[in-house]
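Understanding the architecture of this molecule
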Amino acid sequence: MNHHPRVSAHRSSLWPLACCTLMSFCLGVASVSHGQEKEQNLAYADLLYSQKEYAKAARQYQIFIREDAASPNAQSGWFRLGECYLQVGQITDAKTTFDHIIKTFKTGAFVGSSAYRLAVLSFNAKDYPAAEKQFAIAAKELTAADAKHQAKYYHARSLQLNKKLDPALALYDEVIRSNPNMQENPFLERSLLETARIFSDKGEKDKAGETFRKLASTAITTEVKEEAIVRGGMIAWELGKTEESEQLLDQAFRFPNTSPWKSLAQVGAIFNAFSRKDYRRVTAIYGSGALNTTIEEYRPKMLLIVGHSYRMTGEADAASRLYSLVESRYPDTEEGLEAGFRKLQILHETKNGALPSMANRFISKVSKTKPEHQFLDMAQLMKAEYHFAEAEKGAARKDKRYAQTNYRAAADAYGEVREQNVKEKFHSLRLYKRGWAYLEAGELQDGILSISRFIKRFPKDPMAPSALAKRGMTYQSVEDFEFALDDYDLIIKDYPDSSVLELAMQQKALIFAQKRDLPKMITAYEELLKRFPNTPGKAEATYWIGVGHYDLERFAKAIPALETARRLNPQAFTNRASIRIILAHYSLEQIPELTEAARAYILSGADAGALTAAQKEDKKIPVPKAVLEYLGKKLFTEKKYADSEFFLSHMSTPNSPQDTASDIWKLIADARIKTGKFEPAIQAYDFYLAAADKPAQRGYAYLERGKAQLAISKLANARESARECLKIVKQGRYNAEARILLGDVLMVEGALNDAAAEYLIVSEVFEDPEVTPLALTKAINVYQKLGDDAKAQELGAKLQARFPDYRPRAGVVATPQLDPTQ
């Protein structure tokens, strides 16, 4: 990992760092041979060296080495030769010389110094593997403490740059423990800094933070102290220690503006504000423009966090722009990947229609490089949720094709989600909604399989009862009733407090209804009403209880249930319940109740086809003609002529009279006569005459029709009817009554004598306890009107003698009067 900014002195050439220490050490070694005469060449070379005559000194050292190779000061001569080569820029010759010393002499201070010189050259050339080996020799062979510390430090740096972090940490630790006094150990501060950096690079944030905090309080060098403060604060944030992070970073805000660490402190402030969920603070710091864009190490994360903050404060557009920036600039980083995912999240949160296509693009891209990444699965999950929501919208507006298309897409997307890559809270939801989507898409086998897996894996999930209900209804829709009943029974048994309990109990009852298992249906509905006495389906349940009893011919139990259903929901059950109530009363021969129920039903509103959907479902079924005929005849015998006429007329077919039995027309006509409906009675008698073929039947019809015609002053028609009767019936009561009818017509017309003659004929030729005295009475009435009191008294005496107990019925004796308005 790159650390910004670095302290420049730590990266410069190492040559000046070691020169003074080693030079003085070597000069001390060289002086031991100056008193020896054969070492004069060496002494002269040293003199030239001290006078910085490096080229001349090199030639003199060469003479010394060549002439006195076995001298105990040979190492010194070789080392000074190498030094001279360095001073005159003959680097290759210098390297060769120092390498010769190491290989030839193996140990000693000059071996250590030579190794150090080679290590510095390699380090500055960034040949860290070579530097690593050479610093190791130097640290071992050098004898001066400061020189050994310096060699160990750079040996550690070489190991660090070669990515050998653990050995590097061990050497830094040796340097640190050798003298923990910052004033006395010139490499303590540097070793602590590099130790902290290594811990950070290794991900050992706790150790890194601890070391940076120590440096923050003890460092002498400004650059080191500033880095320790800021990076310590950043690591504290990464460890979730927001308060500690803020304490350190607050110090950084007091750095001079020239400090290369101040901008990173601002980034840390952003991180801390985000940790506190102070999203407005995050966007404010970012918007201030105080951030140094050169700090790349934290920039992707910082931009991502600012994007999150914009999203959390409802600024979706600003968030999306930042996410796009991170995604485009850092495509191969975790931050770039997350930015792409968060853009999808914004589309999901705003219910944007572009989500499916953008999700597919994201999935296609990421799956090529990180096929196991969890964002792929979350993208699939968001896509599935979008399609599921769209499907529900389509279903709500009854767009079946749109709904099924989206349900199928949702099911497929849910299926692509790898469960191990999403949070546990999504596991049950994904499986449940996948099954639901399959079922709604019409793919029942896949849907039942998915729902069944959900039920098996998550029996305690709050959605388990709903899943059972959905599966049960699916089984029910394909008439797999036993499996459906199993699911409903499981809800009733194991989930008695669930929101779908009522549905389960209701559907269970409906299945028994479909199976025509009426006793179980009745019991199921009764249990439903007991558990949910105020259920919205109370009317329906009560209705089916009534239907069950009716179909089982328990008519007395059926009637109150059906009446309750009709009262609770008249729009849905008025007709269906009423017809069964009528038939139940009919079966029980309850004439008053049947009369009331049938009349109310017949007089109720129009047939289904008007008003509400519920009324359309509640189609009005005609009362069976057998019931109406039975009721009409029964009422007629009970002399309830108005009621009788009502029901018999309702079953008649005046537009096609031949479709109604002749005896029904006779009863209708007679009832109408009884209730004074003369004009309709005439029509009924006409229909009866069209069907009757026996003389007595036809004579009766003509007679009664004539009476009706007389009642509404249709005299000519009445006369014609009477005559038709006389033609057919030559004797007997009908003949006698027909003559009386003729007399009544003549009376109305004012032909009193002719009327009296007709009445007298009847009294003389027909003997009947009702008709004969009636004829005499009418004749007496006529003669009284004619003023022939004698004749009237004569006839009165005959009436008294022949029929002493006769009392005329009200309205019978009086002769009808002509209505001038007719």
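See the structure shown above.
For the structure given in this document, a descriptive report is provided here.

How each quantity is defined
- Per chain, the residues get numbers from 1 upward, laid out in the order the sequence is written.
- Selection of residues for local features in this predicted model requires a pLDDT of at least 70, selection of side-chain atom pairs for listing and counting requires 80 or more, and totals for whole chains, interfaces and linings are taken over all residues.
- As a rule here, side-chain values cover all heavy atoms of the structure and leave hydrogens and water aside.
- Here a helix means four or more residues in a row that DSSP labels H or I, a strand means two or more in a row labelled E, and each is numbered from the N terminus.
- C-alpha atoms define the radius of gyration in this analysis, and the globule rule sets the expected value at 2.2 Å times the number of residues to the power 0.38.
- Three exposure classes are used, based on accessible area relative to the maximum for each residue type with a 1.4 Å probe and protein chains only: buried under 20%, partly exposed in between, and exposed over 50%.
- In this description, contact between two residues means that some pair of their heavy atoms is separated by no more than 4.5 Å.
- Points on a 1 Å grid, built from protein atoms alone, make a cavity when a 1.4 Å probe fits but cannot get out and make a pocket when they are open with protein on both sides within 12 Å along at least 5 of 7 lines; residues with an atom within 4 Å of a point are the lining residues.
- Grid points are joined across faces, edges and corners, and a volume is the space filled by probe spheres set on the points.
- We call Asp, Glu, Lys and Arg charged. Ala, Val, Leu, Ile, Met, Phe, Trp, Tyr, Cys and Pro are nonpolar, and the rest, Gly among them, are polar.
- As a rule, the C-alpha atoms of each element are fitted with a line to give its axis, helices using only the stretch in contact, and angles between N-to-C directions run from 0 to 180 degrees.
- Each angle gets one of four labels, with under 35 degrees taken as roughly parallel, over 145 as roughly antiparallel, 65 to 115 as roughly perpendicular, and the rest as oblique.
- Under this definition, polar contacts are N or O atom pairs within 3.5 Å; protein pairs additionally need one hydrogen-donor-capable and one acceptor-capable atom, and for neighbouring residues in sequence, both atoms have to be side-chain atoms.
- In this scheme, a crossing is called left-handed if the near helix is turned counterclockwise away from the far one by less than a right angle; it is called right-handed if the turn is clockwise.
- Throughout, nonpolar core names a set of buried Ala, Val, Leu, Ile, Met, Phe, Trp, Tyr and Cys residues whose side chains join them through atoms within 4.5 Å.
- Within 6.5 Å between ring centres, the rings of Phe, Tyr and Trp (the latter by its six-membered ring) count as paired, and their orientation is classed by plane angle as stacked under 30 degrees, edge-to-face over 60, tilted in between.
- In our convention, an over-ring charge means Lys NZ or Arg CZ found within 6 Å of a ring centre and within 35 degrees of that ring's normal.
- Should a side-chain nitrogen of Lys or Arg be within 4 Å of a carboxyl oxygen of Asp or Glu, the pair is scored as a salt bridge.

1. Observations concerning the overall build of the protein
Each helix and strand in the protein was counted, giving 42 helices and zero strands. Here the C-alpha radius of gyration of the protein, 60 Å, is well above what a compact globule of 822 residues would show, namely 28 Å. Judged by the C-alpha coordinates and their principal axes, the protein covers about 210 × 50 × 40 Å. Split into buried and exposed, the 822 residues of the protein put 51% on the buried side. For the protein, the proportion of contacts with a sequence separation of at least 24, taken over those separated by at least 6, is 53%.

2. Quick notes on the layout of surface pockets
Quantified by volume, the second largest pocket comes out at close to 330 Å³. Lining the second largest pocket are 16 residues; nearest its centre among them are F341, M378, L381, K423 and F426. Looking at the lining of the second largest pocket residue by residue, the class counts come to eight nonpolar, four polar and four charged.

3. Details of the packing of helix α16 (residues 299-312) against helix α18 (residues 334-349)
Remark: α16 packs on α18, axes separated minimally by 10 Å, with the N-to-C direction vectors making an angle of 10°. On the basis of their axis angle, the class for α16 and α18 is roughly parallel. Contacts between α16 and α18 involve P300, K301, L304, H308 and R311 on the former and, on the latter, E335, E338, A339, R342, Q345, I346 and E349. Taken together, the residues of the contact of α16 with α18 sort by class into four nonpolar, two polar and six charged.

4. Some thoughts on unusual backbone geometry
One non-glycine residue, K106, lies in the positive phi region at around 70°. Tracing the backbone through its elements, the reader meets K106 in the loop between α5 (91-105) and α6 (109-124). Of the residues examined, K106 reaches a relative accessible area of 57% and is grouped as exposed. For R516, which is not glycine, the phi dihedral falls at a positive 60°.

5. Observations regarding the side chain of R157
Tracing the sequence through the fold places R157 in helix α8 (residues 145-161). Overall, the relative accessible area of 2% leaves R157 in the buried class. In terms of polar contacts, R157 uses its side chain to reach the side chain of E194, at 3.4 Å.

6. A few points about the packing of α6 against helix α7 (residues 128-141)
Contact geometry for α6 and α7: axes closest at 7 Å, N-to-C directions at 155°. The angle between the axes of α6 and α7 places the two elements in the roughly antiparallel class. Of the two possible hands of crossing, α6 and α7 adopt the one that is left-handed. Contact residues: A109, V111, G112, A115, Y116, L118, A119, V120, S122 and F123 in α6; Y128, A130, A131, Q134, F135, I137, A138 and E141 in α7. Of the residues assigned to the contact of α6 with α7, the class counts are 14 nonpolar, three polar and one charged.

7. Examining the nonpolar core
Formed by 98 residues in total, the largest nonpolar core has its most connected members in Y61, Y116, F135, V230, I270 and F271. Within the second largest apolar cluster, 67 residues are counted, among which are L562, W665, Y685 and L742.

8. Examining the packing of aromatic side chains
Taken as a whole and assessed by the stated rule, the structure comprises 29 aromatic pairs. These aromatic residues form a ring-pair network of at least three members: Y116, F123, Y128, F135, Y153, Y154, Y172 and F187. Cation over ring: K470 sits above W436, and NZ or CZ is 4.2 Å from the ring centre. The side chain of R599 reaches across the aromatic face of F646, ending 4.2 Å from its centre.

9. A look at the pattern of salt bridges
In this structure the tally under the stated criterion is 58 salt bridges. Between E194 and R157 there is a salt bridge, with the nearest N and O atoms lying 3.4 Å from each other. Of this pair, E194 sits in helix α10 (residues 188-201) while R157 sits in helix α8; the two residues are 37 residues apart in sequence, bridging distant segments of the chain. Here K508 makes a salt bridge to D489, at a shortest N to O gap of 2.9 Å. Here K508 is found in helix α26 (residues 501-514), whereas its partner D489 is found in helix α25 (residues 481-494), with 19 residues between them in sequence.

10. As for the side chain of Q476
One can find Q476 in helix α24 (residues 464-477). Judged by relative accessible area, which is 9%, Q476 ranks as buried. For Q476, the side chain forms a polar contact with the side chain of Y488, separated by 2.6 Å. Ignoring anything within four residues of it in the chain, the contact list for Q476 reads F481, A484, Y488, Q507, L510, I511 and Q514.

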